[in-house]
Amino acid sequence: MAAQPDAGILLDGVSKTFGLRGASVTALEKISFATRRGSFTAVIGPSGCGKSTMLRMLADLEAPTAGRLFANGRTPSDLRRDGKLGIVFQEPALLPWLTVRANIDLALRVTGTRPDGADTDALIDLVGLDGFQDARPAELSGGMRQRVAVARALVTAPEVLLLDEPFGALDELTRRRLNHELLRIWAAQATTTMLVTHSIEEAAFLSDTVIVMSPRPGRILAEVEVPFGRPRDAGLLREAAFHRFADTLSEILAAGEADARG
Ligand SMILES: Nc1ncnc2c1ncn2[C@@H]1O[C@H](COP(=O)(O)OP(=O)(O)OP(=O)(O)O)[C@@H](O)[C@H]1O
Ligand SMILES: [Mg+2]
């Protein structure tokens, strides 16, 4: 199953239970889905439904209690070892004593690649941090730190990109601009991408498929194909069909939350 050439992200019966002060919390229960290599998948669902846990397992930072995970036909640990994974966490984890440029280049150094100053500068420019190359994280705003984390994830030209609410803390305009940049980069490199977001609009605008999850324990409520062609531009955000689609996603989410409340 994992060897299929067009396989993107594949979860096969994945469950994750955490022990918490003697009790156990089932964060995810029997999650199975498959995406195509090079496709863009968004994951939406209420707080605590296991979205970050799923990404952390794909990033080889957490092991499943049951089931198997693959990305581009490889296990998370193989992908990580080969430096083919780009990750942006909910909280940007930057090294405080390194400059913006050094934090980005570090992602290359850990894979044994010599940084190319021009590539790094282009990325810094891309995420709108031109002029801040030599600043340290403490001198940046939260949103700026998050943009450094995005640049760091992209500098290795990853095969698989995992994004956990990367733009959650940014203002609406910056967020839209970075969404457009993200689409451009994704289209240019055919990166298998999974984005966790709380923004239904962001999910609908960016992705090929939206996975909608329910809380306690996290399960898949629906896998919805996004019915819009590519390339997409800002005009799509104003179309009636776009708003109808976003409403459909909202309704699936709301029904899931109502069920969970019982
Ligand atoms: N290391 C851990 N130890 C114990 N429980 C954990 C751990 N990590 C996550 N959990 C539990 O797993 C569940 C899912 O957490 P997770 O962080 O994956 O949710 P999420 O969907 O990312 O939420 P949010 O939208 O708020 O970021 C929660 O009930 C949480 O308490
Ligand atoms: Mg989370």
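As a reminder, the structure under discussion sits directly above these lines.
We now turn to the structure provided with this report.

Basis of the calculations
- Residues numbered from 1 in each chain as written.
- Chains lettered and ligands numbered in written order.
- Predicted model: local features only at pLDDT ≥ 70, side-chain atom pairs only at ≥ 80, totals over all residues.
- Heavy atoms only, no water.
- Donors = N, O, S within 2.8 Å, 3.2 Å for Na, K, Ca; no water.
- Helix = DSSP H or I, 4+ residues; strand = E, 2+ residues; numbered from the N terminus.
- Pairing = 2+ DSSP bridges.
- Axes fitted to C-alpha atoms, helices over the stretch in contact; angles between N-to-C directions.
- Salt bridge = Lys/Arg side-chain N within 4 Å of Asp/Glu carboxyl O.
- Buried < 20%, exposed > 50% of the residue type's maximum accessible area, 1.4 Å probe, protein only.
- Contact = heavy atoms within 4.5 Å.
- Near = heavy atom within 4 Å.
- Polar contact = N/O pair within 3.5 Å; in protein donor to acceptor, adjacent residues only side chain to side chain.
- Areas by Shrake-Rupley, 256 points an atom, 1.4 Å probe, with all protein chains shown as cover.
- Phe/Tyr/Trp six-rings, centres within 6.5 Å; stacked < 30°, edge-to-face > 60°.
- Expected span 1.5 Å × (residues − 1).
- Arc of directions from axis to C-beta.

Around a metal, the perfect tetrahedron of four donors has angles of 109.5 degrees, and the perfect octahedron of six donors has angles of 90 or 180 degrees. Around the magnesium ion (ligand 2), the protein contributes the donor atoms S52 (OG) and Q90 (OE1), at 2.0 to 2.5 Å from the metal centre. One end of the pair, S52, is in helix α1 (residues 51–58); the other, Q90, is in the loop between β5 (85–88) and α3 (100–109), and 38 residues separate them in sequence.

For the rest of this paragraph, the subject is the sheet that holds strand β2 (residues 23–36). With respect to topology, three strands assemble into an open sheet ordered β2-β1-β4, the strand pairing being antiparallel. Pairing within the sheet leaves two strands with one partner each, and these edge strands are β2 and β4 (66–71). Across the sheet, the axes of successive neighbouring strands diverge by a mean angle of 20°, strand direction being ignored. Taken together, the nine bridges between strand β1 (residues 7–20) and β2 define a ladder with antiparallel strand orientation. Paired with L20 across the strands is A23, a residue of β2.

Next up on the list: the pattern of salt bridges. Evaluation of the coordinates by the stated rule reveals 15 salt bridges. Between E159 and R74 there is a salt bridge, with the nearest N and O atoms lying 2.8 Å from each other. Residue E159 is found in the loop between α5 (142–154) and β6 (160–164), and its partner R74 is found in the loop between β4 and α2 (76–81); the two are separated by 85 residues along the sequence. Exposure remark for R74: the relative accessible area of 22% places this residue in the partly exposed category. A salt bridge links D78 to R81; the shortest N-O distance between them is 3.2 Å. Of this pair, D78 and R81 both sit in helix α2, separated by three residues, roughly a single helical turn.

Once that is clear, we can look at the side chain of S214. Topologically, S214 is positioned in strand β8 (residues 209–214). Classification of S214 by relative accessible area gives buried; the value is 9%. Excluding residues within four positions of it along the chain, S214 makes contact with C49, R219 and L221.

Take the site of ligand 1 next. Near ligand 1, the surroundings consist of 15 residues, among which S47, G48, K51, S52 and T53 are the closest. Here G50 contributes a backbone N or O atom positioned 3.0 Å from an oxygen atom of ligand 1. Taken by itself ligand 1 offers 630 Å² of open surface, and the protein chains cover 67% of this. For the shell around ligand 1, the secondary-structure elements that each account for two or more residues are β1, β2 and α1. Counting residues per element, the shell around ligand 1 draws most heavily on α1, at three residues.

With that settled, the discussion passes to the packing of aromatic side chains. Here the structure, examined in full by the defined rule, presents three aromatic pairs. Centre to centre, the rings of F40 and W186 are 5.8 Å apart; their planes meet at 75°, and the pair counts as edge-to-face. One end of the pair, F40, is in strand β3 (residues 40–44); the other, W186, is in helix α6 (residues 172–189), with 146 residues separating them in the sequence. When sorted by exposure, F40 lands in the same class as W186, which is buried. Seen in terms of ring centroids, F228 and F242 are 5.8 Å apart; in terms of plane orientation they differ by 40°. Their pairing is tilted. In this pair, F228 sits in the loop between β9 (219–225) and α8 (240–261) while F242 sits in helix α8, placing the two residues 14 residues apart along the sequence. Assessed through its relative accessible area of 13%, F228 is described here as buried. The class of F242 is buried, set by a relative accessible area of 1%.

The next point concerns α8. End to end, α8 covers 32 Å across 22 residues, agreeing with the expected 32 Å (1.5 Å per residue, within 8%). Residues of α8 that are buried include every one of F242, F245, A246, L249, L253 and G256, and no others. For α8, the angular spread of the buried residues around the axis is 100°, confining them to a single face. Along α8, the residues that are exposed and aim more than 90 degrees away from the buried face are A240, R244, E251, D259 and R261. Those residues of α8 that are buried are in contact with β3, α7 (200–206), β8 and β9. With its phi angle positive at about 90°, G262 sits one or two positions after the end of α8.

Among the residues making up helix α4 (residues 117–126), those that are buried are T120, L123, I124 and L126. Angularly, the buried residues of α4 cover 160° about the axis, an arc narrow enough to put them on a single face. Lining the buried residues of α4 we find α3, α5 and α6. Here α4 starts with a cap whose side-chain oxygen sits 2.9 Å from the backbone nitrogen of A118, and that cap is D116. At the C-terminal side of α4, G128 shows a positive phi close to 80°.

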